[in-house]
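Breakdown of the fold
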Amino acid sequence: MEKHWEFFLAPYKQAVEELKVKLKGMRAQFEMQGVHSPIEFVTGRVKPIASILDKAQKKNIPLDQLEQQMQDIAGLRMMCQFVDDIKTVVHLLRQRNDFTIVEERDYITQKKESGYRSYHVVIRYPVQMIYGEKNILVEIQIRTLAMNFWATIEHSLNYKYSGKFPEDIKQRLQRAAEAAYLLDEEMSKIRFEIQEAQAAFSRKQEVKDNE
Ligand code: 0O2
């Protein structure tokens, strides 16, 4: 990697690593209390240089403006079991004082034309570098497992077809988005049943572990 990119991306890498620990830590606290965690799992990545350059070109962002205008060079994803958990997670993020929220985008009540659903929270996160503090933008995407399944598949197809889907694939993706939506709805309706079963299972597991 060119030295220039290595320097530029260093605070983003640091932020992703730190935030993975912090957001996974939230899940661990729910587990410790033996209550349902609104967070199922957390992932994070720094956008590859090729994708940064692609997006900059597509959105007409000058390279010297990346820091100010590209919000997802550092990205975290928080996956939830149920749609209602997303609200809880957003609420928890709003209460934290280790970063400030600069923008929220709700693609759940306002899904994208593609069928994409997710809740995006853009934060300004302070990274302690050896030369001082650096405030960078980080995008946190919060979504259900079903939303994530759809987005992951659509993202790979998007890559394959460079965004120009054949008509039949486009229709199937729309139907799959609808199916993912219905799956979320159904799961929400039997949420308490599911949680009871999960609690009983983890109690059983705990007894086994202590044997
Ligand atoms: P990657 O590879 O995930 O990093 P825009 O890019 O114009 O849609 P903007 O302003 O960048 O919008 O912000 P937005 O829409 O809040 O966030 C963009 C990111 O959201 C994308 O990053 C994806 O991760 C995700 N996303 C948005 N729309 C879709 C969609 O239709 N399908 C899928 N699968 N993901 C989507 P990147 O940079 O596109 O890609």
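Reading the values: the criteria
Residues numbered from 1 in each chain as written. Predicted model: local features only at pLDDT ≥ 70, side-chain atom pairs only at ≥ 80, totals over all residues. Heavy atoms only, no water. Patch = residues over 30% accessible without salt bridge, like charges linked within 9 Å, V, L, I, M, F, W, Y side chains within 5 Å. Areas by Shrake-Rupley, 256 points an atom, 1.4 Å probe, with all protein chains shown as cover. Salt bridge = Lys/Arg side-chain N within 4 Å of Asp/Glu carboxyl O. Helix = DSSP H or I, 4+ residues; strand = E, 2+ residues; numbered from the N terminus. Expected span 1.5 Å × (residues − 1). Buried < 20%, exposed > 50% of the residue type's maximum accessible area, 1.4 Å probe, protein only. Core = buried A, V, L, I, M, F, W, Y, C linked by side-chain atoms within 4.5 Å. Contact = heavy atoms within 4.5 Å. Axes fitted to C-alpha atoms, helices over the stretch in contact; angles between N-to-C directions. Parallel < 35°, antiparallel > 145°, perpendicular 65-115°, else oblique. Left-handed = near helix turned anticlockwise from the far one by under 90°. Nonpolar A, V, L, I, M, F, W, Y, C, P; charged D, E, K, R; others polar.

Considerations on a nonpolar patch on the surface
- A grouping of Leu183, Met187 and Ile190 is seen on the molecular surface, where their side chains present a nonpolar patch of about 240 Å² in accessible area.
- Residue position: Leu183 is located in helix 6 (residues 167-189).

What to know about helix 7 (residues 191-210)
- Its 20 residues give helix 7 an end-to-end C-alpha distance of 29 Å, which sits within 8% of 28 Å, the value for a rise of 1.5 Å per residue.
- The element helix 7 is largely exposed, with a buried count of two among its 20 residues.

Observations regarding the nonpolar core
- In terms of nonpolar packing, the biggest core is built from 36 residues, with Leu66, Met78, Leu93, Val138 and Ile142 touching the most fellow members.
- Of all elements in the fold, only helix 1 (3-32), helix 2 (49-58), strand 2 (74-80), helix 4 (83-95), strand 4 (119-129) and strand 5 (132-144) reach the threshold of two or more residues within this core.
- Per element, the largest residue contribution to this core is nine residues, and it comes from helix 1.
- Those residues in contact with Ile142 that sit more than four places away from it in its chain are Met78, Cys80, Ile86, Val89, Val90, Leu93, Ile108, Ser118, Tyr119 and Val121.
- Residues Tyr107, Ile169, Ala177 and Ala180 belong to the second largest nonpolar core, which totals 10 residues.

With respect to the packing of helix 5 (residues 145-161) against helix 6
- It is at 9 Å that the axes of helix 5 and helix 6 come closest, and there the two elements cross at 165 degrees. In terms of orientation, helix 5 and helix 6 fall into the roughly antiparallel class. As helix 5 packs across helix 6, the resulting crossing turns out to be left-handed. Contacts from Ala146, Met147, Trp150, Glu154, Leu157 and Tyr161 in helix 5 reach Ile169, Leu173, Ala176, Ala177, Ala180, Leu183 and Asp184 in helix 6.
- Looking at the contact of helix 5 with helix 6, its residues break down into 11 nonpolar, no polar and two charged.

So far we have only geometry, and geometry alone does not tell us how the molecule works.
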